[in-house]
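# Chain and residue survey
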Amino acid sequence: MARKVRTSFLYVVALIVFCATLYQHYLRDAISAASATAFVQTTTISSTVHNAVDENTPHNDIKINILPRVAPQVNHPWAISTTSILIPDWEVRVIVSPEDTPFLTSNSDDYVCLYENNQVSPAVPAGVLPFPDRVTFKCLFPKRVRRILPFKQPMLMKSTENPPERTTPAPELLRWTYIVYDSLTTDNDVVLFVKGVNNHQGINREPREFRCIFGNDLINGVRTAVTTSIQEVFRCQLPELTDVNSADEDIDQQRIKVSLETVEENKVVPSVAYYTRARKLDAGKKKSLLCASTMVYKAGKFLKEWVVYHSRIGIEKFLLYDNGSEDDLGKVVEELVQEGFDVKTYFWLWPKTQEAGFSHSAIYAKESCTWMMFIDVDEFVYSPSWHNSLQPSKSMLHSLVLSTKFSSPSTHDRLVSLMKVSMPELKLGQVRIECHEFGPSNQSTHPIMGVTQGYNCRRKYENRHKSILLLEAVDDSLLNVIHHFTLKPGYRTRKLNPKDIVVNHYKYQAWPEFKVKFRRRASSYVLDWMQPINPNSNDRTPGLGFRPVEPEGWPQKFCEVEDNGLKDLSKRWFRVESLTGDYQMAWQR
């Protein structure tokens, strides 16, 4: 009998505990729901919040301390018009409409992303998209929201406000894997940049399978033919202005959306791109002979050395595609401009779009640059013959491109010559320079005097190459692979002898610098470092693995040849001595 009583008692206690737990769970949800009208969970946000987070910490492991705070009485909170995209690493990019962007000018305001289940994450300012100007923010996509399908777009709001009342259901969150993310209008056509259509390198759908749509009304929008479809680049015929534009209003003021339609499926790709008038870099200014373009992310500490060095040997203008930098890049660019260097920044937040960015620059800069060099900020052009010069000279790079014609020495041409068949001379359209890859060279931190002074040990053989491109020679498809473009008929590429000139690629730097690469690869078609696929690919670092963990002996890796050529040369050219006998390099801050 006593045993039955004890059993019954334990059963009752367990039932009470279970009911109390269940009650607490539902009460918590009820309080959370009520908080949407009483107060908003918020946190103090600043533009430096993300900088304090380790780039290699998985986003879903970051804990943000959300503290409740009673909001002030707001009778009619402002519903900010936005479009949101889910990109890799559970990050949401929130794009404010061009109509509402002018009202978000105060840097002192803190914003949050509010999701449908009242989860909140800080909205960190992420730059301004151009043409038209649109303020952007980035928010983490909370774990608890990931359980709710379909994913819905968050509401952007000030952290001190009560949430505006939703009059319509939240739209579905756009996916980065399928979207028209940018556009560029030329004098002759409109170029669209699209993810998710041509997904595999070298496999492209036919232009006839698509049409471009202009206008905010997809059903009645103006449709034009697609002329090329290569990688993420689609070129469209211009629409008739009278069909999409009121005669008495500037086309840039009308905010005309543009997208891509698959004809057979009658399906329109979601778009955040706009149709604008033709845009050109430095329109109306004197054309430069040689420019340089690159995509940058957190490159502030490297930029000054790269610009100062290359400007002295022939680069006249620098075009940087900022891939969402979170360092002092803007400040460094401003300093360089004040010192007289011609440096322009184009905000390009789109991840894994290096090839598309290069395609964009090839047409955007065509009217202001004759030749464009495509190299990264950790790459420096160097020739042993320059040791004969006491000072650097712009002719050092200009001499590579001033010869406009040459005959190819290929086997095919020699056979034709033997057959006494004349061949027309081909214009020089591209110069190809091989790369030397440098290792950490026993460095444990970023060298204070710069990469050319700190890294002097490299691999023995050349790997990869970089190009200097005649912009008028670019094929209409804008196809490029690993810094190398396809040319129009009638143009040829010249490969330079690595004994005469090379690109010093300071690729494998001190570990704190190199591990930043684990964030994401820039190329659309190269596997990210942490994807456990194809470990023997040439695009991977030998012996590195898939995690941002420093391999044993990293400072001594990739050291097969000691090479002090550029180190000694740049020291002689750019050394600035003080009155005490010490010296700094010209780019040190």
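Refer to the structure above for everything that follows.
Remember, it's a predicted structure, so these values are computed and weren't measured experimentally. (Residues numbered from 1 in each chain as written. Predicted model: local features only at pLDDT ≥ 70, side-chain atom pairs only at ≥ 80, totals over all residues. Heavy atoms only, no water.)

## Focus on the state of the cysteines
Just so we agree on the cut-off: Disulfides are defined as cysteine sulfur pairs within 2.5 Å. In this text, helices come from DSSP runs of H or I with a minimum length of four residues, and strands from runs of E with a minimum of two, each type numbered from the N-terminal end. To sort residues, take the accessible area from a 1.4 Å probe on protein chains only and compare it with the maximum for the residue type: under 20% means buried, over 50% means exposed, and anything in between is partly exposed.
This model, assessed by the stated rule, comprises four disulfides. The disulfide bridge from cysteine 457 ends at cysteine 559, spanning 1.7 Å between sulfur atoms. Linking cysteine 457 and cysteine 559, the disulfide has an S-S dihedral of approximately 65 degrees and is accordingly described as right-handed. Here cysteine 457, found in strand β25 (residues 457-458), pairs with cysteine 559, found in the loop between α9 (511-514) and β29 (561-562); they are 102 residues apart in sequence, far enough to count as distant. Here cysteine 457 falls in the buried class, since its relative accessible area comes to 6%.

## Describing the pattern of salt bridges
This is how it is decided: Throughout this description, the term salt bridge denotes a Lys or Arg side-chain nitrogen within 4 Å of a carboxyl oxygen of Asp or Glu.
This structure, assessed with the given rule, holds 24 salt bridges. If you follow the salt bridges from partner to partner, you end up with Asp282, Lys317, Asp342 and Lys344 in one network.

## Here's the deal with the side chain of glutamate 261
Counted only if it meets this: Definition of a polar contact: a pair of N or O atoms within 3.5 Å, with one able to donate and the other able to accept a hydrogen when the atoms are protein atoms, and with sequence-neighbouring residues admitted only if both atoms are side-chain atoms.
On the secondary structure map, glutamate 261 appears in strand β15 (residues 256-262). A polar atom in the side chain of glutamate 261 sits 2.9 Å from the side chain of arginine 223.

## What about the environment of valine 377?
Heads up, the rule is: Two residues qualify as a contact provided that any one of their heavy atoms is within 4.5 Å of a heavy atom in the partner residue.
With respect to the helices and strands, valine 377 occurs in the loop between β21 (369-374) and β22 (379-382). Taking the C-alpha atoms as reference, valine 377 lies 9.8 Å from leucine 320; in sequence the two are 57 residues apart. Non-local contacts of valine 377, meaning those with residues more than four positions away in its chain, are made with Thr294, Val296, Ala299, Phe302, Leu303 and Trp306.

## Looking at the packing of helix α3 (residues 300-312) against helix α10 (residues 565-574)
Here is the rule: To define axes, lines are fitted to C-alpha atoms, for helices over the stretch in contact only, and angles between the resulting N-to-C directions are given on a 0 to 180 degree scale. What sets the label is the angle itself: under 35 degrees gives roughly parallel, over 145 gives roughly antiparallel, 65 to 115 gives roughly perpendicular, and the rest give oblique. By the convention adopted, Pro, Cys, Tyr, Trp, Phe, Met, Ile, Leu, Val and Ala count as nonpolar, Lys, Arg, Asp and Glu as charged, and the other residues, Gly among them, as polar.
Following both chains from N to C, one finds α3 and α10 inclined at 80 degrees, their axes separated by 12 Å at the closest point. Here α3 lies roughly perpendicular to α10, going by the angle between them. Residue-level inspection shows Val308, Tyr309 and Arg312 of α3 in contact with α10, the latter providing Leu566, Trp573 and Phe574. Split by residue class, the contact of α3 with α10 holds five nonpolar, no polar and one charged.

## Observations regarding the packing of aromatic side chains
Two aromatic rings are characterised by how far apart their centres lie and by the angle between their planes. So the rule is basically this: Working definition: a ring pair exists when centres of Phe, Tyr or Trp rings (six-membered ring for Trp) sit within 6.5 Å. Plane angles under 30 degrees give stacked, over 60 give edge-to-face, the rest tilted. Each ring is checked for a lysine NZ or an arginine CZ that lies within 6 Å of its centre and within 35 degrees of its normal; such an atom marks a charge sitting over the ring.
The final tally for this structure, using the stated rule, is 35 aromatic pairs. Taken together, a centroid distance of 5.7 Å and an interplanar angle of 85 degrees make the contact between phenylalanine 193 and tryptophan 348 edge-to-face. Taken together, the residues span a long stretch of sequence, with phenylalanine 193 in strand β11 (residues 189-195) and tryptophan 348 in the loop between β20 (343-347) and α5 (354-364) at a distance of 155 residues. Each member of the pair phenylalanine 193 and tryptophan 348 is classed as buried. In this structure, arginine 575 packs its charged tip against the face of tyrosine 583, placed 4.0 Å from the ring centre.

That is the geometry; function is a separate question.
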